[in-house]
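Analysis of the macromolecular model
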Amino acid sequence: MKAEIVAMKPEEPDEAVIKRAGRILKEGGLVAFPTETVYGLGGNALDACSSRKIYAAKGRPSDNPLIVHIADLADLPALVRRIPAGAAKLADTFWPGPLTMILEKSDLVPKETTGGLDSVAVRFPDHPIAQRLIKAAGGYVAAPSANTSGRPSPTTAGHVAEDLGDTIDMILDGGPVQIGLESTIVDFTEEIPSVLRPGYISLAMLRDVLGEVRMDPGLLREDSAIHPKAPGMKYRHYAPRAALSIVEGEEKAVVETICRLAAKAEKEGKQVGIIAAEETARNYKTGIVKTIGKRAEEETIARHLYQVLRDFDAEDVQVIYSEAFHTPEMGQAIMNRLLKAAGHTVIEA
Ligand code: AMP
Ligand code: MG
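One structure accompanies this document, and this report is about it. In this text the structure is predicted, and so the values were computed from the model without any measurement.

**What about the pattern of salt bridges?**
One pass over the full model with this rule turns up 23 salt bridges. With a shortest N-O distance of 3.3 Å, Arg151 and Glu162 are connected by a salt bridge. Residue Arg151 is located in the loop between strand S7 (141-142) and helix H5 (157-164), and its partner Glu162 is located in helix H5; the two are separated by eleven residues in the primary sequence. On the basis of relative accessible area, Glu162 is assigned to the exposed category, the value being 52%. In this structure, Glu190 and Lys229 form a salt bridge, with 3.0 Å as the shortest nitrogen-oxygen distance. Taken together, the residues span a long stretch of sequence, with Glu190 in the loop between strand S9 (184-187) and strand S10 (194-197) and Lys229 in the loop between helix H7 (217-220) and strand S12 (243-248) at a distance of 39 residues. Judged by relative accessible area, Lys229 falls into the partly exposed class, the value being 36%.

Structure (C-alpha cells):
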C-alpha cells in the first residue's frame, strides 16, 4: 500500500479530504496528521484492531500505550472513571495544547489501546487539521508519533513518508510542526501528580496551576534501578548510526572541547558531525557542522532537534559531538530527548 499524501494549509483545512480521512479511520485504517508537537499516526482509539495495526505499522512494542486524542472537552468523561480536580484545572489552562494526562480508563477504551494498562493517556491537540480529523473520525483517535519505532519523531510529512509511506493509508501534510517535541505527560493516577515526560509545558508552568507536582524519579537518573512510569520512556528512543556524545559545561570550554575531540577523531580517520547553536556554530572548523537553532530563541532548538538527528543519519559520519542545550523553558525537554539519543553519553568540558 502506498499512502496518499494530501497537502493543506492548517488555517484552511480541506473539508472534503478531512471527511474522507475520517471515514478511513472509522473503517479501521491509519491516517497520519500534523499536530502542534509532532506528526501523529492516527487510528480509531476505541477499536482494538486499529490499535494493533498502529503497533504493527510502527514496529512498536505492544506494552507501550498510545495516547487518545480528543477534539472536544465534552468527550473526556466517557474515556475515564473520574476526573481529579487537578486534571480539570490543567485541562482548563492548557487544552487544547501540548499536554497529555494519564487518568483511570473507562470500559470504553480497549486494553489494546492502553498497552494492557488500566489507565489511559488523553490529549486535546491545538491544531486545526488534527481537531477536524478527530471530529470527522468520531471523536477518539489513538495517535503515537508517526515514525518507525526507534527513529526520531517526525516533524514534517516527509519524515512520515520516509518511515511509513508504504504501510499506512493517508498522510495529511500540514507543513512543518510548530513545537517539534512530543507533549508533556502528567500522571494523575497517584495522589501527587507527576511528570512522566517533559515537554513544552514545563514543570514550573504545571506548578503554577497545581502546586505540588513531582518529576517521575525514573526520568532523573539513567542507571537507577527505578523504571520510568511511562512505558515508552524506558526504550532508547533513538540511536543515531553515529556515536553521539553531549558536551556539557561553560560555553567557551564546550567549544574548545568539541574542537579538540573533533580534531582528534578526524586524525583517527573518522568523519565527524557537530551539533551547535547558531551563536557558536562558526567556531567549529572541522567536521560537518549543523546549526540546530538559536539559544536566544530556544523554541527553534526544540523545533529542529529531530530534523538534525535525521539529517545526520543520511550523512556518512561515525561520531557526533553536540553542545548541551539547558535553555530556560524547554531545556528539560530538549535535554531529555538529546540524552536518550546519546544513550546518556556526556562529556564534561
Ligand atoms: P508517543 O505516542 O510516541 O508520543 O508516546 C506516548 C508516550 O505516552 C509513551 O512514552 C507511553 O509510554 C506514554 N503513555 C501512554 N499511555 C500511558 C499510560 N496509560 N501510562 C503511562 N504512560 C503512558
Ligand atoms: Mg513516539
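**Considerations on the site of ligand 1**
What surrounds ligand 1 is a group of 19 residues, the closest being Asn64, Ser119, Pro144, Arg197 and Gly232. Within the side chain of Arg60, a nitrogen or oxygen atom sits 3.3 Å from an oxygen atom of ligand 1. One nitrogen or oxygen atom from the side chain of Arg197 is found 3.1 Å from an oxygen atom belonging to ligand 1. Burial of ligand 1 by the surrounding chains reaches 94%, relative to a free accessible area of 500 Å². Looking at the shell around ligand 1, the elements that each hand over two or more residues are strand S6 (119-123) and S10.

**Observations concerning the nonpolar core**
Of all hydrophobic cores here, the largest spans 53 residues; its most connected members are Leu90, Trp95, Leu99, Met101, Ile168 and Leu206. Apart from residues lying up to four places away in sequence, Met101 is in contact with Ala87, Leu90, Ala91, Trp95, Val120, Ala121, Val122, Val186 and Phe188. Grouped together as the second largest cluster of nonpolar side chains are 28 residues, Leu244, Ile246, Ile320 and Phe325 included.

**Remarks on unusual backbone geometry**
Each neighbour pair has its own omega, and for Trp95 with Pro96 the value is -10°, a cis peptide bond. As for its placement among the helices and strands, Pro96 is situated in the loop between helix H3 (85-94) and strand S5 (99-104).

**Regarding H5**
All of the buried residues in H5 are Ala157, His159, Val160, Asp163 and Leu164. Around the axis of H5, the buried residues are gathered within 155° of arc, so they sit on the same side.

**Topic: the side chain of Thr257**
Note that Thr257 resides in helix H8 (residues 251-267). Exposure remark for Thr257: the relative accessible area of 7% places this residue in the buried category.

**Brief notes about helix H2 (residues 48-58)**
Looking at H2, one finds that the buried residues are Ala48, Ser50, Ser51, Ile54, Tyr55, Ala57 and Lys58. Residues of H2 that are buried make contact with strand S3 (40-44), S7 and H5. The distance from a side-chain oxygen at the start of H2 to the backbone nitrogen of Cys49 is 3.2 Å, and the residue carrying that oxygen is Asp47. Directly after H2, the chain includes Gly59, whose backbone phi takes a positive value near 70°.

Rules used in this analysis
- Residues numbered from 1 in each chain as written.
- Chains lettered and ligands numbered in written order.
- Predicted model: local features only at pLDDT ≥ 70, side-chain atom pairs only at ≥ 80, totals over all residues.
- Heavy atoms only, no water.
- Salt bridge = Lys/Arg side-chain N within 4 Å of Asp/Glu carboxyl O.
- Helix = DSSP H or I, 4+ residues; strand = E, 2+ residues; numbered from the N terminus.
- Buried < 20%, exposed > 50% of the residue type's maximum accessible area, 1.4 Å probe, protein only.
- Near = heavy atom within 4 Å.
- Polar contact = N/O pair within 3.5 Å; in protein donor to acceptor, adjacent residues only side chain to side chain.
- Areas by Shrake-Rupley, 256 points an atom, 1.4 Å probe, with all protein chains shown as cover.
- Core = buried A, V, L, I, M, F, W, Y, C linked by side-chain atoms within 4.5 Å.
- Contact = heavy atoms within 4.5 Å.
- Arc of directions from axis to C-beta.

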